[in-house]
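Inside the fold
Spelled out, the chains give:
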Amino acid sequence: FFSMLVVLTEQHKKDLALFAELPPAALAEFAKIAVEFLRHGANPKIYSGAAQKLNVSPTDVKGAVEALSFVFAECAKNNINDIDFMDTLLVLAFPQEINEGLKNMYEKYKKRNAIYFSRVILWITSL
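Re the packing of aromatic side chains
- Under the definition given, this model contains 4 aromatic pairs.
- Seen in terms of ring centroids, Phe19 and Phe94 are 6.5 Å apart; in terms of plane orientation they differ by 70°. Their pairing is edge-to-face. One end of the pair, Phe19, is in helix H2 (residues 18–21); the other, Phe94, is in the loop between helix H6 (82–89) and helix H7 (96–124), with 75 residues separating them in the sequence. The residues Phe19 and Phe94 share a single accessibility class, namely buried.
- Plain terms: the ring middles of Phe85 and Tyr106 are 4.4 Å apart, the flat faces sit at 0° to each other, and that makes the pair stacked. One end of the pair, Phe85, is in helix H6; the other, Tyr106, is in helix H7, with 21 residues separating them in the sequence.

Dropping the structure here:
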């Protein structure tokens, strides 16, 4: 048995840091937006709406969505288990509540959207 981690770039870390500033309830919405991003591509209207609700810039929302999409897609592509997913998030130094929320969303969306993750992974890794 060996562990498999997804390596996050400094830009991914910076983009994902937005989650530490938001209420935990916002994570579910970001996960939905990230999966929609994987399915249909970017939607600037959604980014603008989320940015207004959260009082952050649309650019920050876009970066967080793309970074979360990368994490979900890479982890799903490599069939990463819960433990390795949590270990991947360690470098972000999020509170446990955020890590647990992201893990639960990853598992949910991995099962439901595995086909989408596998189809777009090459495109996502080029971001």
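Points about the layout of surface pockets
- The space that makes up the largest pocket amounts to roughly 280 Å³.
- The wall of the largest pocket is formed by 15 residues, among which Gln11, Lys14, Asp15, Thr59 and Gly63 lie closest to the centre.
- Counting only elements with at least two residues in the lining of the largest pocket, the list comes to helix H1 (10–16), H2 and helix H5 (58–77).
- It is H5 that provides the largest number of residues to the lining of the largest pocket, a total of 6 residues.
- Looking at side-chain class alone, the lining of the largest pocket contains 4 nonpolar, 5 polar and 6 charged residues.

Things to note about the confidence of the model for the protein
- For the protein, per-residue confidence averages 85 on the pLDDT scale, and 87% of positions sit at 70 or higher.
- In the model of the protein, H7 stands out as the element of lowest mean pLDDT, 75, in contrast to H1, which has the highest, 96.

Considering the nonpolar core
- In this structure, Leu16, Phe19, Phe30 and Phe85 are the most contacted members of the largest nonpolar core, which totals 38 residues.
- When residues of this core are traced back to their parent elements, those giving at least two are H2, helix H3 (25–40), helix H4 (44–54), H5, H6 and H7.
- In terms of residue count, the dominant contributor to this core is H5 (10 residues).
- Ignoring any residue separated from it by four or fewer positions in sequence, one finds Phe85 in contact with Val71, Phe72, Cys75, Ile80, Leu102, Lys103 and Tyr106.

Here we look at H4
- Taken as a whole, H4 has its buried residues at Tyr47, Ala50 and Ala51. With its buried residues spanning 105° around the axis, H4 presents them on a single face. Facing away from the buried surface of H4 by more than 90 degrees, the exposed residues are Lys45, Gln52 and Lys53.
- Buried positions along H4 lie against H3 and H5.
- For H4, the N-terminal cap is Asn43; the gap from its side-chain oxygen to the backbone nitrogen of Lys45 is 3.1 Å.
- Asn55, located one to two residues past H4, shows a positive phi value of around 60°.

Rules used throughout
- Residues numbered from 1 in each chain as written.
- Predicted model: local features only at pLDDT ≥ 70, side-chain atom pairs only at ≥ 80, totals over all residues.
- Heavy atoms only, no water.
- Phe/Tyr/Trp six-rings, centres within 6.5 Å; stacked < 30°, edge-to-face > 60°.
- Helix = DSSP H or I, 4+ residues; strand = E, 2+ residues; numbered from the N terminus.
- Buried < 20%, exposed > 50% of the residue type's maximum accessible area, 1.4 Å probe, protein only.
- 1 Å grid on protein atoms, 1.4 Å probe; cavity = no way out; pocket = protein on both sides within 12 Å on 5 of 7 lines; lining within 4 Å.
- Points joined across faces, edges and corners; volume = space filled by probe spheres on them.
- Nonpolar A, V, L, I, M, F, W, Y, C, P; charged D, E, K, R; others polar.
- pLDDT = per-residue confidence, 0-100.
- Core = buried A, V, L, I, M, F, W, Y, C linked by side-chain atoms within 4.5 Å.
- Contact = heavy atoms within 4.5 Å.
- Arc of directions from axis to C-beta.
- Polar contact = N/O pair within 3.5 Å; in protein donor to acceptor, adjacent residues only side chain to side chain.

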